Amino acid sequence: MAESCTEKKSNHVLYSVEGLILLIITFAKFGIDVLPLTWLFDVGRFAMPFFFIISGYYLYSKDGHSENDLPRKIIHIVWLIVIIKIFYLVLDIIYYSFGIIDLRYLLTSFIYCESNTLHMWFVYVLLALYIWWWFMRRYGLNEKKISITISSILLTVYLLTGVVLRILCIDEVFGLPTMYINSCLYNTIGVPFFTIGYYLHMYKEDFDKKVGTRSLALMTVIGFVSPCIATLYIPGSIIYFGSILAAVGLFMLTFRVPENRLRCRFTEFAGKVLKPYLYMAFPAVVFFLHNVIFRNIGDYSFGLAIAGGILAVVLNITIALMFHYGGKKVRSKINSERKSTC
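Residues numbered from 1 in each chain as written. Predicted model: local features only at pLDDT ≥ 70, side-chain atom pairs only at ≥ 80, totals over all residues. Heavy atoms only, no water.

Engineer: What is the right way to look at unusual backbone geometry in this model?
Structural biologist: Excluding glycine, residues mostly carry a negative phi; peptide bonds, for their part, are mostly trans. A positive phi angle is found at cysteine 169, which is not glycine, with a value near 60°. Its location among the elements puts cysteine 169 in the loop between helix H8 (143-167) and strand E1 (172-173). One non-glycine residue, phenylalanine 174, adopts positive backbone phi at about 55°. One can find phenylalanine 174 in the loop between E1 and strand E2 (176-177). (Helix = DSSP H or I, 4+ residues; strand = E, 2+ residues; numbered from the N terminus.)

Dropping the structure here:
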């Protein structure tokens, strides 16, 4: 029987985990070619599923108000895409004028994505998921049957092509490399984990009764440890079974932490307030450091990679704060102007 869960007004641990993940990603992205961090990215395969679970979880509401708010959520994501595109277009024009990038890179980055805007796929997929969920509800489709069926098929294919077949030394299916199939499916991982998050919320009471805190903790530990072992034999898979356990276990475990326990105000603020800006800016920061600040340095030393990673985190936080407080001032000014005209 599950231990009793403490109802919380705000999941501060979840905010802290989100903020910490983004800061670790920023640090690791800078020094991945120098520091022995390749294993971190394999273990960290849980991160994107984790964020999709969060998005799906908070889409559900018992009275349906959150689902009915999907059009506003869609517009919000569209505006976020516009802001990110403008942000990177301005940077790319500056880089182009100084000869750091060429015209092809600038146009490709703006129309689709380049090395400094690859992270945009998450926002595009989230937008597609919101539109698809709205479509199913708008036209009365059986969203539960459809979403669970598609998610089950995708998870099976991920694990089959990325893990099982490679363990069996089967490297090709129908003439295509299994890892090529696995990598082509990467942008679809949002579908099953968004669905998992949505139905975890719908059946949270049943889940809490059947799964105890110790079981969740064990699930999370196994979820983090097993990819470390798996990557020794099957590196590069887009998802590991352990990643699924880690994403679900860690997410649900954050709800079990009592109010005012394990609080870290800094990471909580980063995850709760700065999250969209940290995600938006971290590739720009890494690109800037690699191609402007450290442009003439051939091979990074271990110490420089550490220092550069720390600098990347500091710059990312600085940019996020600028956008946050700058946006607050703009919104405050707009609101005051509206009141004065009424």
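Engineer: What exactly am I supposed to notice about the packing of helix H5 (residues 70-97) against helix H6 (residues 103-111) here?
Structural biologist: Between H5 and H6, the least distance of the axes is 10 Å, while the angle of their chain directions is 180°. The orientation of H5 with respect to H6, classified from their angle, is roughly antiparallel. For the pair formed by H5 and H6, the contact residues are Lys85, Leu89, Asp92, Ile93 and Tyr96 on the first element and Leu103, Tyr105, Leu106, Ser109, Phe110 and Ile111 on the second. Taken together, the residues of the contact of H5 with H6 break down into 8 nonpolar, 1 polar and 2 charged. (Axes fitted to C-alpha atoms, helices over the stretch in contact; angles between N-to-C directions. Parallel < 35°, antiparallel > 145°, perpendicular 65-115°, else oblique. Contact = heavy atoms within 4.5 Å. Nonpolar A, V, L, I, M, F, W, Y, C, P; charged D, E, K, R; others polar.)

Engineer: Before we go on, may I ask you to explain a nonpolar patch on the surface in this structure?
Structural biologist: Taken together, the side chains of Ile75, Val78, Trp79, Val82, Ile86, Val90, Ile94 and Phe98 define a hydrophobic patch exposed on the protein surface, amounting to about 790 Å² of accessible area. Position of isoleucine 75 relative to the elements: it lies in helix H5. (Patch = residues over 30% accessible without salt bridge, like charges linked within 9 Å, V, L, I, M, F, W, Y side chains within 5 Å. Areas by Shrake-Rupley, 256 points an atom, 1.4 Å probe, with all protein chains shown as cover. Salt bridge = Lys/Arg side-chain N within 4 Å of Asp/Glu carboxyl O.)

Engineer: What am I meant to see in the packing of H8 against helix H10 (residues 190-202) here?
Structural biologist: The axes of two packed helices give the description: the angle between them and the distance between them. The N-to-C vectors of H8 and H10 enclose an angle of 130°; their axes lie 8 Å apart at closest approach. In terms of axis orientation, H8 runs oblique to H10. As for how H8 packs across H10, the hand of that crossing is left-handed. Here H8 contributes Glu143, Lys144, Ser147, Ile148, Ile150, Ser151, Leu154, Leu155 and Tyr158 to the contact with H10, which in turn contributes Val191, Pro192, Phe193, Thr195, Ile196, Tyr198 and Tyr199. (Left-handed = near helix turned anticlockwise from the far one by under 90°.)

Engineer: What should I look at first to understand the side chain of aspartate 208 in this one?
Structural biologist: Relative to the assigned elements, aspartate 208 resides in helix H11 (residues 204-210). Assessed through its relative accessible area of 11%, aspartate 208 is described here as buried. Within the local environment of aspartate 208, its side chain forms a polar contact with the side chain of lysine 204, the two groups lying 2.8 Å apart. (Buried < 20%, exposed > 50% of the residue type's maximum accessible area, 1.4 Å probe, protein only. Polar contact = N/O pair within 3.5 Å; in protein donor to acceptor, adjacent residues only side chain to side chain.)

Engineer: Help me understand the nonpolar core in this model?
Structural biologist: Considering soluble globular proteins, one finds that nonpolar side chains tend to be buried as a cluster. Within the largest apolar cluster, 83 residues are counted, with the highest numbers of intra-cluster contacts made by Phe50, Phe122 and Phe251. It is helix H7 (residues 120-138) that provides the largest number of residues to this core, a total of 11 residues. Here phenylalanine 50 is in contact with Leu14, Val17, Glu18, Ile21, Ala247, Leu250 and Phe251, once residues within four sequence places are set aside. Formed by 6 residues, the second largest nonpolar core is a distinct cluster that contains Phe30, Val285, Tyr300 and Ala312. (Core = buried A, V, L, I, M, F, W, Y, C linked by side-chain atoms within 4.5 Å.)

Engineer: Can you help me understand the pattern of salt bridges in this one?
Structural biologist: Think of it this way: side chains of opposite charge can pair up when their charged atoms draw near. Counted according to the given criterion, the structure contains 7 salt bridges. Among the ionic pairs, glutamate 205 bridges to lysine 62, the shortest N-O distance being 3.1 Å. Taken together, the residues span a long stretch of sequence, with glutamate 205 in helix H11 and lysine 62 in the loop between helix H3 (47-57) and helix H4 (65-68) at a distance of 143 residues. Lysine 62 matches glutamate 205 in its accessibility class, with the two residues each being exposed. A salt bridge links aspartate 69 to arginine 72; the shortest N-O distance between them is 2.7 Å. Owing to a relative accessible area of 25%, aspartate 69 belongs among the partly exposed residues under this scheme. Among the ionic contacts, a cluster of salt bridges with common partners joins Lys204, Asp208 and Arg256.

The quantities given are spatial measurements derived from coordinates; they are silent on function.
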